Amino acid sequence: MRTGSIILAAGLSKRMNSATPKVIHPLLGKPLLSYSIEAAKAASDVPPVVVVGYAGDKVMEAIHAEVQYAFQNEQLGTAHAVMMAEPLLKGTVDQILITSADMPLVSANTLRELVKIQSLHDGPMSLVSILTNDSRGFGRIIRDRSGNARAIIEEKVATPEQLTINEFNAGIYCVKSEWLWDALKKVKKSPVGEFFLTDLLEIAVQANEKVSILQLENVEEAIGINNRVHFAEVEKIMRRQINEKFMLSGVTMIDPDLVYIDPTVEIGRDSVIYPDSYLRGNTKIGENCTIGPGTIIEDSSIGNDCRILKSVLEGAELEDHVEMGPFCRLRSGAHLASHVHMGNFGEVKKSYLGKGTKMGHFSYIGDATIGENVNIGAGTITCNYDGEKKNKTVIGDETFIGSDTMLVAPVNIGKNAVTGAGAVVTRDVGDGEKVVGVPAHVIKNKKDEEKEDDKSRKG
Ligand code: UD1
Ligand code: CA
């Protein structure tokens, strides 16, 4: 049995009240539609057909998955939308799974189960229903006295009595291919002017055909997104699922309701995430780290045993035992070697800080390469931009940069060097040299002076 799939994504999404079509609004950082594509892919043998219509160009631009597109130029209802896929699928598959772009929680497992049910029975169609007390505007499943499903009645056209039914249509179907295209032609315009796909059930029943219903146990799976309230609701459920997975794998969360982690993130064992923390994109966090409260980390790699308090990191790399915060900002290309300490109000961009280097207070380091165990005094700034281009600063191991030093790049400071408080360094400083003043000039160390004094006395 070859299974194809159709995802309906052409609707106007009026209830979103948005310039952007609903199906590409982001859900945990990914377009809504991408969730149905992934699930449909896992349950079918050929790339899914996505039916686009309203703002179709925007939808196609936002989706990078391997799919085929069908176009519904006028939104005449779900049955009409499915018809648009006929030229792409007719004769190529035995049965067709139909889902909607606005149901991101439907699992690949549920789809596979439905496909299996349909392949094993001889009726033309199977569908998914849910039992719940929350109607959410869903269509009702009408059953006869012996319990056989007879029809689906849309809420918009239901009688008060039908509205009391608590078995709902989840909007997920698997239909025999050759039967589908003929049956769609029999769907009549509803009283509200749309062609309802849900009429297929009645069409099958009238032809004395068998229809199977898979009742979903996990009602949450069938939550459809029609407006922004639903978006927030679904995102919360997804976040809860992600956080539970992390907690069960050994990550502590002080309050999981206030931790926002993208599905793409990795976190090692015994790390602790405090509230109001956002871990995004391609971020990897090692073991035994403490993150937050109040921290945003995006596309960054953090080693083991790091502590990051109230800081913002983007495209940064931290080795082990790095400590920072509160109020630090690491921008793209910041690389902090092990045991680096950054206190409050530090910014680092496109720079390497060597092992054990300390930068305690109020500093900007940009386009710099800094050695090991360097002390960067309070208020130190790399003046990396001359108004035209960015210039590099290099600082050797064990050097002491005095408070409020301005390093006017391009500039090289040697190893074991010293800059005095308030120095404005405009020229290179050699190994072991000490510079002070504005512009900074070399002065001798006390020890050196004493040695010279000794020499002259002896001489
Ligand atoms: C639909 C079902 C309803 C079910 C519910 C479950 C119909 C008539 N009703 O209602 O029984 O309980 O899903 O979520 O099918 N679309 C198009 N072209 C159109 C109209 C819609 O592509 O002309 C797309 C939409 O973009 C959406 C999907 O079809 O992805 C479903 O349409 P929507 O208007 O959301 O239907 P519901 O009212 O949710
Ligand atoms: Ca819907």
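Notes on the structure in this doc start here. (Residues numbered from 1 in each chain as written. Chains lettered and ligands numbered in written order. Predicted model: local features only at pLDDT ≥ 70, side-chain atom pairs only at ≥ 80, totals over all residues. Heavy atoms only, no water.)

1. Things to note about the sheet that holds strand S14 (residues 266-267)
Taken together, the nine strands give an open sheet; going across it, the order is S14-S17-S20-S23-S26-S28-S30-S33-S36, and neighbouring strands pair in parallel fashion. The two strands at the open ends of the sheet, each matched to only one other strand, are S14 and strand S36 (411-413). Of the pairings in the sheet, the one linking strand S23 (residues 317-318) to strand S26 (residues 335-336) comprises two bridges and is parallel in character. Within the sheet, the bridge partner assigned to Glu317 lies in S26 and is His335. (Pairing = 2+ DSSP bridges. Helix = DSSP H or I, 4+ residues; strand = E, 2+ residues; numbered from the N terminus.)

2. Comments concerning the coordination of the calcium ion (ligand 2)
Bound to the calcium ion (ligand 2) are the protein donor atoms Asp102 (OD) and Asn226 (OD1), situated 2.4 to 2.7 Å from the metal. Within this pair, whereas Asp102 is found in the loop between strand S6 (95-100) and helix H5 (108-120), its partner Asn226 is found in the loop between strand S11 (211-216) and helix H9 (228-248), the two being separated by 124 residues in sequence. Classification of Asn226 by relative accessible area gives buried; the value is 13%. (Donors = N, O, S within 2.8 Å, 3.2 Å for Na, K, Ca; no water. Buried < 20%, exposed > 50% of the residue type's maximum accessible area, 1.4 Å probe, protein only.)

3. Observations concerning unusual backbone geometry
One can expect most non-glycine residues to show negative phi and most peptide bonds to be in trans. Each neighbour pair has its own omega, and for Ala409 with Pro410 the value is 5°, a cis peptide bond. Within the element layout of this structure, Pro410 appears in the loop between strand S35 (406-408) and S36. In this structure, Phe327 is a non-glycine residue whose phi angle is positive, near 65°. Here Phe327 lies in the loop between strand S24 (323-324) and strand S25 (328-330). Here Phe327 falls in the partly exposed class, since its relative accessible area comes to 41%.

4. A short note on the site of ligand 1
Neighbouring ligand 1 are 23 residues, the closest being Leu8, Gln72, Gly77, Glu154 and Asn169. Within the backbone of Leu8, one N or O atom sits 2.8 Å away from an oxygen atom of ligand 1. Contacts to ligand 1 include Gln72, whose side-chain N or O atom sits 2.7 Å from a nitrogen atom. Here ligand 1, which alone exposes 750 Å², has 91% of that area covered by the protein. When atom positions are compared with the pocket grids, ligand 1 is found to occupy the largest pocket. Taken together, the residues of the shell around ligand 1 sort by class into 10 nonpolar, 10 polar and three charged. (Near = heavy atom within 4 Å. Polar contact = N/O pair within 3.5 Å; in protein donor to acceptor, adjacent residues only side chain to side chain. Areas by Shrake-Rupley, 256 points an atom, 1.4 Å probe, with all protein chains shown as cover. 1 Å grid on protein atoms, 1.4 Å probe; cavity = no way out; pocket = protein on both sides within 12 Å on 5 of 7 lines; lining within 4 Å. Sits in = over half its atoms within 2 Å of the grid points. Nonpolar A, V, L, I, M, F, W, Y, C, P; charged D, E, K, R; others polar.)

5. Topic: the packing of aromatic side chains
Inspection of the entire model under this criterion finds three aromatic pairs. On the numbers, 5.5 Å between centres and 5° between planes, the contact of Phe345 with Phe362 is stacked. Taken together, the residues Phe345 in strand S27 (residues 341-349) and Phe362 in strand S29 (residues 358-366) connect sequence positions 17 residues apart. It is Lys30 that lies over the ring of Tyr35; its NZ or CZ is 4.8 Å from the centre. If you follow Lys390 out to its NZ or CZ, it ends over the ring of Tyr385, 5.3 Å from the centre. (Phe/Tyr/Trp six-rings, centres within 6.5 Å; stacked < 30°, edge-to-face > 60°. Lys NZ or Arg CZ within 6 Å of the ring centre and 35° of its normal.)

6. Structural notes on empty space enclosed by the protein
If a probe the size of a water molecule is rolled over the atoms, the empty space left behind becomes visible. As enumerated under the stated definition, the model contains one cavity of 30 Å³ or more in all. The volume enclosed by the largest cavity comes to roughly 40 Å³. Lining the largest cavity, in full, are Ser36, Ala39, Thr99, Ser100, Met103, Val106 and Leu111. Where the lining of the largest cavity is concerned, the elements lending two or more residues are helix H1 (32-43) and S6. Residue classes in the lining of the largest cavity are distributed as four nonpolar, three polar and no charged. (Points joined across faces, edges and corners; volume = space filled by probe spheres on them.)

7. Structural notes on the state of the cysteines
Per the stated rule, a full pass over the model turns up zero disulfides. Of all cysteine sulfurs, the one in Cys306 lies closest to Cys289, which takes part in no disulfide; the gap is 4.6 Å. For Cys306, a relative accessible area of 1% gives the class buried. (Disulfide = S-S within 2.5 Å.)

8. A short note on the environment of Leu318
Position of Leu318 among the secondary structure elements: in strand S23. In the structure, Leu318 is positioned 95 residues away from Ile413 in sequence and 24 Å away in space, judged by C-alpha atoms. Ignoring any residue separated from it by four or fewer positions in sequence, one finds Leu318 in contact with Ser301, Ile302, Gly303, Cys306, Ile308, Leu313, Met324, Leu330 and Leu336. (Contact = heavy atoms within 4.5 Å.)

9. A word on the layout of surface pockets
Within this model, the largest pocket holds a volume of roughly 1,200 Å³. Residue lining of the largest pocket: 40 residues in total, with Arg15, Thr78, Asp102, Lys156 and Glu194 positioned closest to the centre. Of all elements in the fold, only strand S1 (3-9), helix H3 (78-83), S6 and strand S10 (167-176) reach the threshold of two or more residues within the lining of the largest pocket. Its residues placed into classes, the lining of the largest pocket shows 16 nonpolar, 15 polar and nine charged. Of the pockets and cavities examined, the second largest pocket occupies roughly 400 Å³. In this structure, the second largest pocket is lined by 17 residues; those nearest its centre are Tyr35, Pro104, Leu105, Met238 and Gln241. For the lining of the second largest pocket, the element with the most residues is H9, which contributes four residues. Across the lining of the second largest pocket, the residue classes break down as 10 nonpolar, three polar and four charged. Among the domains, domain 1 (3-222) and domain 2 (228-458) are the pair contributing at least three residues each to the lining of the second largest pocket. (Domains from an automatic or database assignment.)

10. A look at the packing of H1 against H5
Pairs of packed helices are described in terms of their axes, by the angle between the two and the distance that separates them. Running from amino to carboxyl end, H1 crosses H5 at an angle of 40°, the nearest separation of the two axes being 8 Å. Our classification of the angle between H1 and H5 gives oblique. The way H1 lies across H5 gives a crossing that is right-handed. Judged by residue contacts, Ala39, Ala40, Ala42 and Ala43 of H1 engage Ala108, Leu111, Arg112 and Val115 from H5. Of the residues contributing to the contact of H1 with H5, the split by class is seven nonpolar, no polar and one charged. (Axes fitted to C-alpha atoms, helices over the stretch in contact; angles between N-to-C directions. Parallel < 35°, antiparallel > 145°, perpendicular 65-115°, else oblique. Left-handed = near helix turned anticlockwise from the far one by under 90°.)

By themselves, these figures tell us nothing about what the structure is for.
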